[in-house]
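Take a look at the letters that make up each chain.
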Amino acid sequence: MPQIFTPKVVTANALIEGDVIYLAEDDSWTRDLACAEVLSDEAHAQLRLLDAARRTAEAVGVYLADVRPGPRGPEPAHFREDFRRKGPSNHFHGKQANEAAKNL
């Protein structure tokens, strides 16, 4: 029995900075998952993945990640993706420190 295709986004790491990035509908890369293009058709998702994988001067490690609907847009469906987008966990710095500062 074939698996049901679940919504996905194209994700990768920015080549220079290493940040987690997502492919937006306008073909730009965004660091905000809420701005990522949500792909609900498997054939279209595979085409977007192939197109993104060719952009080797911008991104590395391109793949499709499962997402689910959230109040602000797509949210990671798996712990790994949520962990990835928050950045390193060995020190409270970078993205984690910036998020904490926003909440003050």
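Description of the structure in this document. Quick caveat, the model's predicted, so the values are computed rather than measured. (Residues numbered from 1 in each chain as written. Predicted model: local features only at pLDDT ≥ 70, side-chain atom pairs only at ≥ 80, totals over all residues. Heavy atoms only, no water.)

## Re the sheet that holds strand β5 (residues 73-76)
In plain terms, the rule: DSSP bridges decide pairing: two strands pair if at least two such bridges lie between them. Here a strand is any run of E in DSSP of at least two residues, a helix any run of H or I of at least four, and the numbering for each starts at the N terminus.
Ordered by their spatial adjacency, five strands build an open sheet running β3-β2-β1-β4-β5, and the pairing between neighbours is antiparallel. Pairing within the sheet leaves two strands with one partner each, and these edge strands are β3 (29-30) and β5. Note that strand β4 (residues 59-70) and β5 share four bridges and pair antiparallel. Across the sheet, G70 pairs through a bridge with G73, a residue of β5.

## Brief notes about a nonpolar patch on the surface
To be explicit about the condition: Nonpolar side chains (Val, Leu, Ile, Met, Phe, Trp, Tyr) within 5 Å and like charges within 9 Å form the patches, drawn only from residues with over 30% relative accessible area and no salt bridge. Values of accessible area rely on a 1.4 Å probe in the Shrake-Rupley scheme; residue burial ignores everything except the protein chains shown. Here, a salt bridge means any Lys or Arg side-chain nitrogen found within 4 Å of an Asp or Glu carboxyl oxygen.
Where nonpolar side chains cluster on the molecular surface, the patch consists of L15, I16 and V60 and spans about 290 Å² of accessible area. Mapped onto the elements of the fold, L15 is located in the loop between β1 (8-14) and β2 (20-23).

## Quick look at the packing of aromatic side chains
For any pair of aromatic rings, geometry is given as the distance between the ring centres together with the angle between the planes. Stated formally: In summary, the pairing rule links any two rings of Phe, Tyr or Trp, Trp by its six-membered ring, whose centres are within 6.5 Å, and it sorts them by plane angle into stacked for under 30 degrees, edge-to-face for over 60 and tilted for everything else. Two conditions define a charge located above a ring, namely a distance within 6 Å from the ring centre to NZ of Lys or CZ of Arg, and an angle within 35 degrees of the ring normal.
Under the counting rule described, the total for this entry stands at zero aromatic pairs. Just above the ring of F5 sits the side chain of K8; from NZ or CZ to the centre is 4.8 Å.

By themselves these figures say nothing about function.
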